[in-house]
Amino acid sequence: MAEIFQSLSKVHFEGAESKNPLAFKYYNPDRVILGKKMSEHLPFAMAWWHNLCATGTDMFGPGTADKSFGAEPGTMAHARAKVDAGFEFMQKLGVRYFCFHDVDLVPEAATIDQTNARLDEITDYILEKMKGTDIRCLWGTANMFSNPRFMNGAGSSNSVDVFCHAAAQIKKALECTVKLGGRGYVFWGGREGYETLMNTDMKFEQENIAALMRMAVEYGRSIGFTGDFYIEPKPKEPMKHQYDFDAATAIGFLRYYGLDKDFKMNIEANHATLAGHTFQHDLRVSAVNGMLGSVDANTGDLLLGWDTDEFPYNVYDTTLCMYEVLKAGGLTGGFNFDAKTRRSSYTFEDMFQAFVLGMDTFALGLIKAAAIIEDGRVDEFVNNRYASYRDTEIGRKIRAGQASLSECAAVASQNGAPALPGSGRQEYLESVMNQILFGQA
Ligand code: XLS
Ligand code: CA
Ligand code: CA
């Protein structure tokens, strides 16, 4: 099979002094950080849709990038060419995982049975390509938002036929995920939300989404899927209001419907910021609830109110992300670059450059997060901030869940007006972070 990215060779680590645009400056897969290799801390994944399918189309104009890879788009020959391109790309970058929607892999046919036959064919081909490589599937999912049938959602659709079609797609996408050995299966809300409550029965729709998820869990487990199901929260876009607004909302939903044992969160940076949170916030909410599963590693533009899916470049953000991930003991999933090059970055070299940027930005984040932990000043400050709960009898009782309101009130009478609770020292902590990030200037 002919080489597709002919002028682009394997990307190597050359170190921080290198000026080679297509070399890693910080991502050194074998470097050990806190007892583990970088490559183990950072299971990077390629998103089939952005990297192999998206051409840069936007609301104002057509695509700018040629992703035909020598085949006619919309054909099975093209589907196979994308597999060839994807594997060559991942091998050249040292990316070990991929993520897919069903319709990223093959063009949708007239009937679900025909589409499924195409999926059988392509997953056979992918399996063949996986042999002899260390490339694996991170997660699969079904696209239940692009086809017009899903205009009112999938599980939340007013039409039972659409619901059943969604179920059929999930069933097949789960089978493909299991066949490819996927670590996880994602539910991103797609159009599960609403435009106006004037036409919407919210409770009915949420019950149906939960029912669809329950069916997916039952079926997945019955065919040997042992990985995690994920909800990927997002507050808006395409719908005005999406039901999986943020991690806290999605976790509450999962608990209410008894799905929390099978599901974790797939947190996307750009979605967290659209919800008005920092990336770190949604990671922390997931982690403290024992549900931090996987990460969609991109960034938005805070000056724009939509989902720009940019490659991450902000080292503060990735440092705080990796701080959360290290503190949580790592991910069961990985770091999926759900990101696309800008419309005017339309060359194959730009695709390579984008991954070099993303992987280096996360590698730097990992190095700096480990440095924050080893430095200890931040953790020590936080630990000391709550010392009064350890150092007093009433504090210990409150923490043990053994104090009553009257006992607390008695302490308040006895101690008189509390002193100010101590400075939060935010400015000090931010300067510690700068010192750790930049060291000697
Ligand atoms: C869209 C989502 C989507 C999911 C997978 O905003 O990020 O791409 O990751 O369906
Ligand atoms: Ca996104
Ligand atoms: Ca995503």
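Below is a short write-up of the structure. All of these numbers come straight from a predicted model, not from anything done at the bench.

1. So, the packing of aromatic side chains
How two aromatic rings sit relative to each other is given by the distance of their centres and the angle of their planes.
Next, step 1: Using the criterion set out here, one finds 29 aromatic pairs in the structure.
Next, step 2: Taking 5.7 Å as the distance between ring centres and 40 degrees as the angle between the ring planes, the aromatic pair formed by Trp 49 and Trp 139 counts as tilted. With Trp 49 in helix α2 (residues 48-53) and Trp 139 in strand β5 (residues 136-141), the pair connects residues that are 90 residues apart, well separated along the chain. Like Trp 49, the residue Trp 139 is buried in the burial classification.
Next, step 3: We note Arg 80 situated over the ring of Tyr 125; from NZ or CZ to the ring centre the distance is 4.3 Å.
Next, step 4: A cation sits over an aromatic face here: Arg 425 above Tyr 428, 4.1 Å from the ring centre.

2. Description of the layout of surface pockets
Next, step 1: In this structure, the second largest pocket encloses a volume near 750 Å³.
Next, step 2: As for the second largest pocket, its lining consists of 25 residues, of which Gln 280, Arg 284, Leu 320, Tyr 323 and Val 378 are closest to the centre.
Next, step 3: Secondary structure elements with two or more residues in the lining of the second largest pocket: α10 (279-288), α11 (315-327), α13 (377-385) and α17 (426-438).
Next, step 4: Top contributing element to the lining of the second largest pocket by residue count: α11, with six residues.
Next, step 5: Grouping the amino acids of the lining of the second largest pocket by side-chain chemistry returns 13 nonpolar, five polar and seven charged.

3. A short note on the site of ligand 1
Next, step 1: As a matter of local geometry, ligand 1 sits amid Trp 49, His 101, Trp 139, Trp 188, Glu 232, Lys 234, Glu 268, His 271, Asp 296, Asp 307 and Asp 338.
Next, step 2: Here an oxygen atom of ligand 1 sits 3.2 Å away from a polar atom, N or O, in the side chain of His 271.
Next, step 3: Isolated, ligand 1 exposes 290 Å² of accessible area, and the fraction of that covered by the protein chains is 93%.
Next, step 4: Counted by class, the shell around ligand 1 contains three nonpolar, two polar and six charged residues.

4. A closer look at the coordination of the calcium ion (ligand 3)
Next, step 1: Here the calcium ion (ligand 3) is held by the protein donor atoms Glu 232 (OE), Glu 232 (OE), Glu 268 (OE), Asp 296 (OD) and Asp 338 (OD), which lie 2.1 to 3.1 Å from it.
Next, step 2: Counting along the primary sequence, the residues that act as donors to the calcium ion (ligand 3) give the motif E-x35-E-x27-D-x41-D.
Next, step 3: The metal-metal distance between the calcium ion (ligand 3) and the calcium ion (ligand 2) is 4.5 Å, with Glu 268 serving as a donor to both. Taken as a pair, Asp 296 in strand β11 (residues 292-296) and Asp 338 in the loop between β12 (335-337) and α12 (348-375) lie far apart in primary sequence, 42 residues in all.
Next, step 4: The exposure class assigned to Asp 296 is buried, which follows from its relative accessible area of 0%.

5. Examining the sheet that holds strand β8 (residues 228-232)
Next, step 1: Here eight strands make up a closed barrel; going around it, the order is β3-β4-β5-β6-β8-β10-β11-β12 and the pairing parallel. On average, each strand axis in the sheet is tilted by 30 degrees relative to the strand beside it, whichever way the strands run.
Next, step 2: Pairing geometry for strand β3 (residues 44-47) and strand β4 (residues 97-101), over three bridges, is parallel. Residue Ala 47 lies in a different strand from β4, and its bridge partner there is Cys 99.
Next, step 3: Contacts from helix α8 (residues 247-256) reach β8 and β10 (263-268) within the one sheet, and its direction differs from that of β10 by about 165 degrees.

6. Some words on empty space enclosed by the protein
Next, step 1: What the rule picks out here adds up to two cavities of 30 Å³ or more.
Next, step 2: Along its surface, the largest cavity is lined by 14 residues, and Glu 108, Ile 112, Thr 115, His 165 and Gln 169 are the ones closest to its centre.
Next, step 3: Put simply, the parts of the chain that give the lining of the largest cavity at least two residues each are α4 (102-105), α5 (112-130) and α6 (160-179).
Next, step 4: Along the lines of polarity and charge, the residues of the lining of the largest cavity split into five nonpolar, five polar and four charged.
Next, step 5: In this structure, the second largest cavity encloses a volume near 40 Å³.
Next, step 6: Looking at the second largest cavity, the residues that line it are Phe 279, Asn 298, Thr 299, Pro 312, Tyr 313, Asn 314, Asp 317, Thr 318 and Phe 362.
Next, step 7: Among the residues making up the lining of the second largest cavity, the classes are represented as four nonpolar, four polar and one charged.

7. Notes on the nonpolar core
Next, step 1: Within the largest apolar cluster, 118 residues are counted, with the highest numbers of intra-cluster contacts made by Trp 48, Leu 93, Phe 98, Phe 335 and Phe 362.
Next, step 2: At 13 residues, the largest contribution of residues to this core is made by α12.

Cut-offs applied
- Residues numbered from 1 in each chain as written.
- Chains lettered and ligands numbered in written order.
- Predicted model: local features only at pLDDT ≥ 70, side-chain atom pairs only at ≥ 80, totals over all residues.
- Heavy atoms only, no water.
- Phe/Tyr/Trp six-rings, centres within 6.5 Å; stacked < 30°, edge-to-face > 60°.
- Helix = DSSP H or I, 4+ residues; strand = E, 2+ residues; numbered from the N terminus.
- Buried < 20%, exposed > 50% of the residue type's maximum accessible area, 1.4 Å probe, protein only.
- Lys NZ or Arg CZ within 6 Å of the ring centre and 35° of its normal.
- 1 Å grid on protein atoms, 1.4 Å probe; cavity = no way out; pocket = protein on both sides within 12 Å on 5 of 7 lines; lining within 4 Å.
- Points joined across faces, edges and corners; volume = space filled by probe spheres on them.
- Nonpolar A, V, L, I, M, F, W, Y, C, P; charged D, E, K, R; others polar.
- Near = heavy atom within 4 Å.
- Polar contact = N/O pair within 3.5 Å; in protein donor to acceptor, adjacent residues only side chain to side chain.
- Areas by Shrake-Rupley, 256 points an atom, 1.4 Å probe, with all protein chains shown as cover.
- Donors = N, O, S within 2.8 Å, 3.2 Å for Na, K, Ca; no water.
- Pairing = 2+ DSSP bridges.
- Axes fitted to C-alpha atoms, helices over the stretch in contact; angles between N-to-C directions.
- Contact = heavy atoms within 4.5 Å.
- Core = buried A, V, L, I, M, F, W, Y, C linked by side-chain atoms within 4.5 Å.

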